[in-house]
Amino acid sequence: MLAIERRQKIMAMLNENKSVLVPELAKLFNVTEETIRRDLEKLEKEGLLKRTYGGAVLVENYNVDIPFEFRNATNIEGKKQIALTLIKYIEDGDTLVMDSSTSALQVAKLLKTKKKITVITNSEQIVNELKVFEDIKVISTGGTLRNRSLSLVGPIAENTLKSLNANKAIISCKGFDIEKGFTESNELEAQVKKMMIEIADQVYMIADHTKMNKTALVNIATLDDVDFIFTDKVLPPSQENAIREKNVEIVYC
């Protein structure tokens, strides 16, 4: 197993359990404890965890800009399940605008089952995923590449989006709170997502359970701005009622 794959799995375990122990990780990955300590040290430098005596705990700072490869390993099964449900809402001939989230990428992987689809995206990963399918037209926003997120942002991306229209926006967020709405940790990413919402007739917001009741730095949308929320765990009745009162449909996946 490559070191990056091992660190991805460590982060997935941290997101699930909130803490890990060095001896257990060493046994699980069949490496020395010193190797695990080096992994934890590198992840701590990324701001993703805090080392403790004998292990590490998750840093739950929702303003940390987590690299794509670690986000992609978080709640992967939940994201896949959401994608399997959301793809049923996509019709042949749709024009979609999709952000650079790992959740949107899971939906993109299923688009080959549809016909005459147009995809507008600022995601390098989605462009690479769809480039081989002749029945899918892909429009890249262009812009400045952010290496941590593999996304295109900035004035070029925003101006491209301003000139286009879409049936449906498929985007995700860093956090969702009933009062504060949907939030993102990076201002440049947030601006692109806001523009995607503006140009779409319908907004499909993906918010798996790891995003719920959390608030990041920048607001990208309120409940009034979205039409559907796709999530993987049932919300408390009070939250569900507050969402439905805004005429937003909750889709449990």
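Quick caveat: nothing in here was measured; it's all calculated off a predicted structure.

**Considerations on the UniProt feature "domain: HTH deoR-type" (unreviewed entry) in the protein chain**
Okay, step 1: Look at the UniProt record and you will see "domain: HTH deoR-type" (unreviewed entry) annotated at residues 3-58.
Okay, step 2: The distance from the first to the last C-alpha atom of residues 3-58 is 19 Å, and the span holds 64% helix and 20% strand.

**So, the sheet that holds strand E1 (residues 19-21)**
Okay, step 1: The antiparallel open sheet is built from 3 strands, whose spatial order is E1-E3-E2. Edge positions in the sheet fall to E1 and strand E2 (49-52), since each has one partner strand and no second. Across the sheet, the axes of successive neighbouring strands diverge by a mean angle of 20 degrees, strand direction being ignored.
Okay, step 2: Inspection of the sheet shows E2 paired to strand E3 (residues 55-58) by 4 bridges, in the antiparallel sense. Paired with Thr52 across the two strands is Gly55, which belongs to E3.
Okay, step 3: With respect to the sheet, helix H1 (residues 3-17) is in contact with E1, E2 and E3, its orientation differing from that of E3 by roughly 60 degrees.
Okay, step 4: Against the sheet, helix H3 (residues 33-45) touches E2 and E3, its axis set at about 140 degrees to E2.

**Re the packing of aromatic side chains**
Okay, step 1: The tally for this structure, following the rule as stated, stands at 7 aromatic pairs.
Okay, step 2: Plain terms: the ring middles of Tyr89 and Tyr204 are 6.1 Å apart, the flat faces sit at 85 degrees to each other, and that makes the pair edge-to-face. Of this pair, Tyr89 sits in the loop between helix H5 (76-86) and strand E4 (95-98) while Tyr204 sits in strand E12 (residues 200-206), and the two are 115 residues apart along the sequence.
Okay, step 3: Of the residues examined, Tyr89 reaches a relative accessible area of 26% and is grouped as partly exposed.
Okay, step 4: What links up through ring pairs into an aromatic cluster is the set Tyr89, Tyr204, Phe228 and Phe230.

What counts, and where the lines are drawn
- Residues numbered from 1 in each chain as written.
- Predicted model: local features only at pLDDT ≥ 70, side-chain atom pairs only at ≥ 80, totals over all residues.
- Heavy atoms only, no water.
- UniProt positions renumbered as here; feature names shortened; annotations may be inferred.
- Helix = DSSP H or I, 4+ residues; strand = E, 2+ residues; numbered from the N terminus.
- Pairing = 2+ DSSP bridges.
- Axes fitted to C-alpha atoms, helices over the stretch in contact; angles between N-to-C directions.
- Contact = heavy atoms within 4.5 Å.
- Phe/Tyr/Trp six-rings, centres within 6.5 Å; stacked < 30°, edge-to-face > 60°.
- Buried < 20%, exposed > 50% of the residue type's maximum accessible area, 1.4 Å probe, protein only.

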